[in-house]
Amino acid sequence: MLELYHHGSSVCAAKVRLALAEKGVEWTGHYIDILAGEQFDPDYLKINPRGAVPAIRHEGAVITESTVICEYVDDAFEGPALKPPTPLGQARMRMWTKLVDEEIHPSVRPVTYVTTHRHSILARGAEAVEEHIASDPHPVWRERKRRWIHDGFAAPDVADAVGVFHRMVRSMDAALADSEWLVGDAYTLADGALTPYANRLEMLGLSSMWSGQANFARWFDAVKRRPSFRPALFAYLPEELRDKMRADGEKARPEFEELLARLD
């Protein structure tokens, strides 16, 4: 039995849950509460020294990094193929997954923090804020979190992060002009990789980002109709947290729209 270490609000964990669902793989879960800092627990750091989710354990081996895990799941288990059959198709798929790893994922943290997480953290009081920041073992991330929590949308990297998503939607819309899915007419790991980020934007009230992007909107509607979508994205996300993210996103709409207006 495959074991998955994951959290409900983690986009990377959702990406792996999507791949497992699409392949029909049964798994047992270990819920790591990243909002409470459980990813930095010494026992979990033995599993993933980077202090991040997801991680899997299969046949005694631990595998980390969500993109690597998804390809492993596709290769190791029977079920529908999630990679294109040709080398060119696989290269095109990996261009999307590489974009997610290098540009899109680093941008989701500042956008999520300034929209919703910062309010929960600040509500705990000054001492708890410092404890939250100090719990991150990476100095660069500690300083970035400090700015997101205290400066909100004025933090220096937030506008750049919104710009990444603005370009992502338009690049996807162009790629989808002549095909049903991102790499041809079959669903692949490329679609699964982008799905949690599109969902995060929608949850934070940013669906206006694809207003006028008909191909992207059609793709996202098709994604949400797949049987894998709701279990992978929402079954492990507490309803209270989901509602709070939506409510905070609605409050942040004017600030988001101001940033987006500069990009159009």
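Structure first, text after, so check above.
What counts, and at which threshold
- The written sequence of each chain sets the order in which its residues are numbered from 1.
- Two thresholds apply to this predicted model, a pLDDT of at least 70 for residue-level local features and 80 or more for giving and counting side-chain atom pairs, whereas whole-chain, interface and lining totals are computed over all residues.
- Processing note: side-chain calculations cover all non-hydrogen atoms of the structure and skip hydrogens and water entirely.
- Inter-axis angles, ranging from 0 to 180 degrees, are taken between N-to-C directions of lines fitted to C-alpha atoms, where helices are fitted over the stretch in contact.
- Note on conventions: DSSP H or I runs of at least 4 residues are helices, E runs of at least 2 residues are strands, and numbering of each starts at the N terminus.
- With respect to orientation, any angle under 35 degrees is reported as roughly parallel, any angle over 145 as roughly antiparallel, any angle of 65 to 115 as roughly perpendicular, and every other angle as oblique.
- Every residue pair with non-hydrogen atoms within 4.5 Å of one another is taken to be in contact.
- For this classification, Asp, Glu, Lys and Arg are treated as charged, while Ala, Val, Leu, Ile, Met, Phe, Trp, Tyr, Cys and Pro are nonpolar and the rest, including Gly, are polar.
- Any Phe, Tyr or Trp ring, taking Trp's six-membered ring, that has another such ring centre within 6.5 Å forms a pair; planes under 30 degrees apart are called stacked, those over 60 apart edge-to-face, and the others tilted.
- Partly exposed describes any residue whose relative accessible area lies between the buried limit of under 20% and the exposed limit of over 50%, with all areas from a 1.4 Å probe on protein chains only and scaled to the type maximum.
- A positively charged side chain is recorded as over a ring if its NZ (Lys) or CZ (Arg) lies within 6 Å of the ring centre. The angle to the ring normal must also be within 35 degrees.
- Just to be clear on terms, a salt bridge is a Lys or Arg side-chain nitrogen sitting within 4 Å of an Asp or Glu carboxyl oxygen.
- To estimate how far a helix should extend, the number of its residues minus one is multiplied by 1.5 Å.
- A residue's bend is given by the angle between axes fitted to the 7 residues ending at it and the 7 residues starting at it.
- Paired strands, as defined in this entry, are two strands with at least two bridges between them according to DSSP.
- A 1.4 Å probe that fits but cannot get out identifies a cavity on a 1 Å grid over protein atoms alone, an open set with protein on both sides within 12 Å along at least five of seven lines counts as a pocket, and a residue lines either if it has an atom within 4 Å of a point.
- Grid points are joined across faces, edges and corners, and a volume is the space filled by probe spheres set on the points.

Colleague: Before we move on, can you summarise the packing of helix α8 (residues 189–203) against helix α11 (residues 239–263) with the specific residues and values?
Modeller: Pairs of packed helices are described in terms of their axes, by the angle between the two and the distance that separates them. The geometry of α8 relative to α11 is characterised by a closest axis approach of 8 Å and an angle of 65 degrees between their N-to-C directions. Classified by the angle between their axes, α8 and α11 sit roughly perpendicular to one another. Counting all contacts with α8, which are made through Arg200, Glu202 and Met203, the residues of α11 involved are Arg242, Met245 and Arg246. Of the residues belonging to the contact of α8 with α11, the class tally is two nonpolar, no polar and four charged.

Colleague: Run through the packing of aromatic side chains, naming residues and quoting values.
Modeller: Tallied over the entire structure, the rule returns 13 aromatic pairs. Here the aromatic rings of Tyr113 and Trp148 are separated by 5.2 Å at their centres, their planes lie at 45 degrees, and the arrangement is tilted. Pair noted here: Tyr113 is in helix α4 (residues 87–122) and Trp148 is in helix α6 (residues 139–151), with a separation of 35 residues, a long-range link. The exposure classification of Tyr113 matches that of Trp148, with both residues buried. Consider the rings of Phe153 and Phe256, whose centres lie 4.9 Å apart with planes at 85 degrees: the pair is edge-to-face. Placement of the pair is Phe153 in the loop between α6 and α7 (158–175) and Phe256 in helix α11, with a sequence separation of 103 residues. Phe256 matches Phe153 in its accessibility class, with the two residues each being buried. In textbook terms, an aromatic cluster arises when at least three aromatic residues are bridged by ring pairs, as seen for Trp210, Phe216, Trp219, Phe220, Phe229 and Phe234. Positioned over the ring face of Trp141 is Arg109, at 3.9 Å from the centre of the ring. Seen from the ring of Phe234, Arg242 lies directly overhead, with NZ or CZ sitting 3.7 Å from the centre.

Colleague: Got a sec to walk through the pattern of salt bridges? Specific residues and values, please.
Modeller: A side chain of one charge can pair with a side chain of the opposite charge when the charged atoms of the two come close. Counted by the stated rule, this structure contains 17 salt bridges. Put simply, Arg262 and Glu258 hold a salt bridge, and the shortest N to O gap is 3.2 Å. Here Arg262 pairs with Glu258, and both are found in helix α11, just four residues apart, close to one helical turn. Assessed through its relative accessible area of 58%, Arg262 is described here as exposed. On the basis of relative accessible area, Glu258 is assigned to the partly exposed category, the value being 47%. Here the salt bridges do not stand alone but share partners, grouping Lys23, Asp74, Asp75 and Lys83 into one network.

Colleague: Any chance you could break down the packing of helix α1 (residues 11–23) against α4 for me, citing the residues and the numbers?
Modeller: At a closest axis distance of 11 Å, the pairing of α1 and α4 adopts a crossing angle of 125 degrees. What the angle tells us is that α1 and α4 run oblique. Residues Val11, Cys12 and Lys15 of α1 touch α4, and the partners they reach there are Val100, Asp101, His105 and Val108.

Colleague: How would you sum up α4? Please name residues and give values.
Modeller: Between its first and last C-alpha, α4 extends 49 Å over 36 residues, near the 52 Å set by a 1.5 Å rise per residue. The sharpest bend along α4 reaches about 60 degrees and sits at Tyr113.

Colleague: Can you break down the sheet that holds strand β3 (residues 55–58) residue by residue, with the values?
Modeller: A sheet is described by the order of its strands in space; here four strands give the open sequence β2-β1-β3-β4, paired in mixed fashion. One side of each edge strand has no neighbouring strand; the edge strands of this open sheet are β2 (27–31) and β4 (61–64). Sheet twist, expressed as the average angle between the axes of neighbouring strands with direction ignored, equals 20 degrees. Relative to β4, β3 runs antiparallel, the two sharing four bridges.

Colleague: Any chance you could break down empty space enclosed by the protein for me, citing the residues and the numbers?
Modeller: Empty space among the atoms becomes apparent when a probe as large as a water molecule is rolled across them. Counted under the stated rule, the structure contains three cavities of 30 Å³ or more. Space inside the largest cavity adds up to approximately 70 Å³. Taken together, Gly8, Ser9, Ser10, Val11, Ala14, Pro196, Asn199, Arg200, Met203, Leu233, Leu237 and Met245 make up the lining of the largest cavity. Contributing elements (two or more residues each) for the lining of the largest cavity: α1 and α8. Of the residues contributing to the lining of the largest cavity, the split by class is seven nonpolar, four polar and one charged.

Fair warning: the whole summary comes from geometry, so function is off the table for now.
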